[in-house]
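Fold and geometry: a report
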Amino acid sequence: MSPRGEATKQKLFEATLRLSASRGLVGLTVDDIAAEAKVAKGTVYYNFGSKDGLVDALLRYGVGVLADRLRTATGDGDPMDVIESQVDGALEFIAEYPGFSQILVSEMWRTPGTWHETLTLLREEIISIVREQLHRLDAAGRLPDGVQIQTAAAGLFGTMLVVALDWQVFQPKRTRADVRESVMVLIRGLGR
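Residues numbered from 1 in each chain as written. Predicted model: local features only at pLDDT ≥ 70, side-chain atom pairs only at ≥ 80, totals over all residues. Heavy atoms only, no water.

**Thoughts on the UniProt feature "domain: HTH tetR-type" (unreviewed entry) in the protein**
So the rule is basically this: UniProt positions are given in the numbering used here, feature names are shortened, and annotations may be inferred rather than shown by experiment. Only DSSP runs of H or I covering at least 4 residues are called helices, and only runs of E covering at least 2 are called strands; the numbering of each starts at the N terminus.
Following the UniProt record, the feature "domain: HTH tetR-type" (unreviewed entry) maps to residues 6-66 here. Between the first and last C-alpha atoms of residues 6-66 the distance is 16 Å; the span itself is 82% helix and 0% strand.

Structure below.
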């Protein structure tokens, strides 16, 4: 995508997040999103075809940004340190885009949701990044017997989302470092 196209996508992403934070996704119209992003309504239709197409693309875009931040934190270092960096990256992303975590939490478990299929794929992308580090912990003999890595990865993803949302909504005066440490206390309890 061209830099201009990427900038338009970013504007639409941010506009949709701002509007959905107070109104939810269902109540938004293409007119609302275009006006908030300061682009022509036709720009939305030209690029995405419909509001559902726009939201689908923006969900993919937002999760892509989050996944990139989590991947940036991966490496060959101690897997617990990598997980801590991933938690920090997720908290940083959610602090930057608090509306996105609200959308994920509200839409991911809505049954059946308009964007359920897309969110299922995106959830798996994030969980696979977290799962890799849990496999590394397991390979190092640092997970207790019987830990189901898939379940633990899903739990860690859910914990990051819900704790970050709780931080943004109910405890905004806490520092990111304090919230990260609270999550890590839970995770360290899992590992050895």
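**Some thoughts on the pattern of salt bridges**
Working definition: two side chains of opposite charge can pair if their charged atoms are close together. Our working rule: The term salt bridge refers to a pairing of a side-chain nitrogen on Lys or Arg with a carboxyl oxygen on Asp or Glu at a separation within 4 Å.
Within the structure shown, the criterion is met by 16 salt bridges. For the salt bridge of R60 with D56, the shortest nitrogen-to-oxygen distance reads 2.9 Å. Here the residue R60 and the residue D56 both occupy positions in helix α4 (residues 51-72), the gap between them amounting to four residues, near one helical turn. Between E125 and R71 there is a salt bridge, with its nearest N and O atoms 3.0 Å apart.

**Let's talk about the environment of F100**
Stated formally: Note on exposure labels: buried denotes an accessible area under 20% of the residue type's maximum, exposed denotes more than 50%, and partly exposed covers the range between, all computed with a 1.4 Å probe on protein chains only. Note on contacts: a residue pair is in contact if any heavy atoms of the two residues lie within 4.5 Å.
Within the secondary structure, F100 is located in helix α6 (residues 98-108). According to the relative accessible area criterion, F100 is buried, its value standing at 2%. Spatially, the C-alpha atom of F100 lies 14 Å from that of K11, the residues being 89 residues apart in sequence. Apart from residues no more than four positions distant in its own chain, F100 is found in contact with F13, L17, L58, L59, G62, V63 and F93.

**Structural notes on helix α7 (residues 116-139)**
Defined as follows: Helix span, expected: 1.5 Å multiplied by one less than the number of residues in the helix.
Taking 1.5 Å of rise per residue, the 24 residues of α7 would be expected to cover 34 Å, and the 33 Å separating its terminal C-alpha atoms lies within 8% of that figure. Three or more residues of α7 are buried, namely T118, L119, L122, I126, I127, I129, V130, R131, Q133, L134 and L137.

**Section: unusual backbone geometry**
You will see that K38, though not glycine, has its phi angle at about 60°, which is positive. Residue placement: K38 occurs in the loop between α2 (30-37) and α3 (41-48). Residue K38 is classed as exposed on the basis of its relative accessible area, which comes to 70%.

**Remarks on the UniProt feature "DNA-binding region" (unreviewed entry) in the protein**
Mapped onto this numbering, the UniProt entry annotates "DNA-binding region" (unreviewed entry) at residues 29-48. Annotated as 80% helix and 0% strand, the span residues 29-48 places its first and last C-alpha atoms 13 Å apart.

**Structural notes on the side chain of R131**
Take R131: it is sitting in helix α7. On the accessibility criterion, R131 (18% relative accessible area) is buried.

**Thoughts on the packing of α4 against α7**
Under the convention used in this document: Only the contacting stretch of a helix is used when fitting its axis, a line to C-alpha atoms as for every element, and angles between N-to-C directions run 0 to 180 degrees. Any angle that falls under 35 degrees is termed roughly parallel, while one over 145 is termed roughly antiparallel, one within 65 to 115 roughly perpendicular, and all others oblique. Polar here means any residue other than Ala, Val, Leu, Ile, Met, Phe, Trp, Tyr, Cys and Pro, which are nonpolar, and Asp, Glu, Lys and Arg, which are charged; Gly is therefore polar.
Interaxial distance between α4 and α7 falls to 10 Å at its minimum, and their mutual angle equals 0°. Of the possible angle classes, the one that applies to α4 and α7 is roughly parallel. In this structure, α4 uses D56, L59, R60, V63, L66, A67, L70 and R71 to contact α7, whose residues at the interface are T118, L119, L122, E125, I126 and I129. Residue composition of the contact of α4 with α7, by class: nine nonpolar, one polar and four charged.

**Remarks on the packing of α7 against helix α8 (residues 149-170)**
To keep it simple, the criterion reads: Crossings are sorted by hand: turned counterclockwise from the far helix by less than a right angle, the near helix makes the crossing left-handed, and turned clockwise it makes it right-handed.
The interhelical angle for the contact between α7 and α8, taken along N-to-C directions, is 120°, at an axis separation of 8 Å. Taken together, the axes of α7 and α8 lie oblique to each other. The two elements α7 and α8 meet at a crossing, and its hand is right-handed. Two secondary-structure elements touch here, α7 through R123, E124, I126, I127, V130, R131, L134, H135 and D138 and α8 through I149, Q150, A152, A153, A154, L156, F157 and M160. Split into classes, the residues belonging to the contact of α7 with α8 amount to eleven nonpolar, two polar and four charged.

**What to know about the packing of aromatic side chains**
One pair of aromatic rings is described through two measures. These are the centre distance and the angle between the planes. Using the following cut-off: Working definition: a ring pair exists when centres of Phe, Tyr or Trp rings (six-membered ring for Trp) sit within 6.5 Å. Plane angles under 30 degrees give stacked, over 60 give edge-to-face, the rest tilted.
Counted under the stated rule, the structure contains three aromatic pairs. Taken together, a centroid distance of 5.2 Å and an interplanar angle of 55° make the contact between F93 and Y97 tilted. Since its relative accessible area comes to 10%, Y97 is described here as buried.

**Quick notes on the nonpolar core**
This is how it is decided: The set of buried Ala, Val, Leu, Ile, Met, Phe, Trp, Tyr and Cys residues whose side-chain atoms join them within 4.5 Å is what this entry labels a nonpolar core.
Counting 60 residues, the largest nonpolar core has L12, V87 and F100 as its most contacted members. A per-element tally of this core places α4 first, with eleven residues.

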